[in-house]
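Coordinate analysis (summary)
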Amino acid sequence: MNIKKALAVAVIVLFISVSVIPSTGTTDVKQITMPIGDKVNQYLNEKPVEHVSLFYADVRMNIRKESLNHLGGGGGGTTYAYYLQFDANLDELRIELVLNYTAEMNYTLKFPFVPAPIFALGIKIQNITKYEWVYFKLKHHGYFTRCGNFSIVFNIDMISIESGDELKIQPIISRIILPLDFTDSTNKSWGRIIRLIYHIPFLNELLLSNWLFPKFATYEHNHHIGAPLFLFFD
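Everything numeric here is computed off the predicted structure, so don't read it as measured data. (Residues numbered from 1 in each chain as written. Predicted model: local features only at pLDDT ≥ 70, side-chain atom pairs only at ≥ 80, totals over all residues. Heavy atoms only, no water.)

Quick word on the environment of T78
- Looking at the secondary structure, you find T78 in strand β4 (residues 70-79).
- Sequence-wise, T78 and Y56 are 22 residues apart; in three dimensions their C-alpha atoms are separated by 8.5 Å. (Helix = DSSP H or I, 4+ residues; strand = E, 2+ residues; numbered from the N terminus.)

Quick look at the packing of aromatic side chains
- What the rule picks out here adds up to 13 aromatic pairs.
- For the pair F86 and F233, a centre-to-centre distance of 6.2 Å together with 35 degrees between the ring planes defines the contact as tilted. Taken together, the positions of F86 in strand β5 (residues 81-86) and F233 in strand β13 (residues 229-233) put the pair 147 residues apart, joining distant regions of the chain. A single burial state applies to F86 and to F233, both of which are buried.
- Just above the ring of F136 sits the side chain of R146; from NZ or CZ to the centre is 4.2 Å. (Phe/Tyr/Trp six-rings, centres within 6.5 Å; stacked < 30°, edge-to-face > 60°. Buried < 20%, exposed > 50% of the residue type's maximum accessible area, 1.4 Å probe, protein only. Lys NZ or Arg CZ within 6 Å of the ring centre and 35° of its normal.)

Some words on the confidence of the model for the protein chain
- Confidence along the protein chain averages 80 in pLDDT terms, with 79% of residues attaining 70 or more.
- This model gives residues 1-39 a pLDDT under 50, and the stretch forms 84 contacts once residues within four places in sequence are excluded. (pLDDT = per-residue confidence, 0-100. Contact = heavy atoms within 4.5 Å.)

What to know about the sheet that holds strand β8 (residues 132-137)
- Taken in spatial order, the four strands make up an open sheet running β8-β7-β11-β12, and their pairing is antiparallel. Bordering the open sheet on either side are β8 and β12 (223-225), each of which pairs with just one other strand. For this sheet, the mean inter-axis angle between neighbouring strands, taken without regard to orientation, is 15 degrees.
- Here strand β7 (residues 118-125) runs beside β8; their pairing, made up of six bridges, is antiparallel. From the neighbouring strand, G122 faces β8, where its bridge partner is W133. (Pairing = 2+ DSSP bridges. Axes fitted to C-alpha atoms, helices over the stretch in contact; angles between N-to-C directions.)

Points about helix α3 (residues 203-217)
- Taking 1.5 Å per residue as the helical rise, α3 with its 15 residues ought to reach 21 Å, and the 20 Å between its terminal C-alpha atoms agrees with that figure.
- If you look at α3, its biggest bend is around 40 degrees, right at S209.
- Listed as buried for α3 are N204, L208, S209, L212, F213, F216 and A217. (Expected span 1.5 Å × (residues − 1). Bend = angle between axes of the 7 residues up to and from the residue.)

Focus: the nonpolar core
- Formed by 46 residues in total, the largest nonpolar core has its most connected members in L93, L97, I156, L229, L231 and F233.
- The set of elements that each furnish at least two residues to this core consists of β3 (51-67), β5, β6 (93-107), β7, β8, β9 (142-156), β11 (171-178) and β13.
- By residue number, the principal contributor to this core is β6, which donates eight residues.
- Apart from the residues within four sequence positions on either side, I156 is in contact with L93, I95, L167, I169, L231 and F233.
- Counting residues in each nonpolar core, the second largest holds 17 residues, with Y135, F182, L212 and A217 among its members. (Core = buried A, V, L, I, M, F, W, Y, C linked by side-chain atoms within 4.5 Å.)

Dropping the structure here:
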C-alpha cells in the first residue's frame, strides 16, 4: 500500500462519524432524534477536472401548532465528509455542494387566524463565501410538506497551490423557522419585520438574504458546523 492509499484509509477511518445538525425547539417541544451520518465519500479523479458537483446534505425542518399555547418543531439532518484528490496543475477548480431539504408543517389550530410559517435554509463556506439562502412560506392551516434542493458554488484559488498541498474546507449550515425561532420577547419584533419584508417584492431578497437571515444565522441553535471536505493535490 503506497503512502497516498494509506493516507486515504486513515482519513476515512478518522472521519467516519460525520457531523449532524442537532434538533432544536421551544419550551414544551419534544426533541427530534437525528440519525448519525455514516458515510465518508471519496473522489479520486483519473483525469484533470475543473468542476465537481457533490451531494452534501439532507436537511429536515418542521413546525407544529396544535393550540394557542403550544408551538413546537425543530430540525435536523446529515452532512457528508469527502476525501477529494485533484491535479495541482489545474488552472481553476470549482466545487458545487448540493443540499436536499424537507420542510413540514402541521397546523391543526383552526381559530384564530395563524400566519403561515416561513422557512429559511442557508449554507456558507467558512472564510471563502457568504451565505446562499433558500426561503419560502407554507400554508396557514393543515398539513403541508415542501421538498427541494439548492446549492452553493465556490472556487479554490489555484495560483498558490502546489503538489502535496492539503486543504480543509468547512461548510456551515443554518436554518431559521418563523415563528419558532422568534417566540421570546426580544426577537418577536424581528419576526414581525421579517414577515413584513418577505411580502415586499425586490426588497425581500436584498434585506433578508444579505442582512436579517445572516444576523440570526449566528445564533447557536441556528448555526451548525457540517462535515468537512478534505482536498489533496498531486
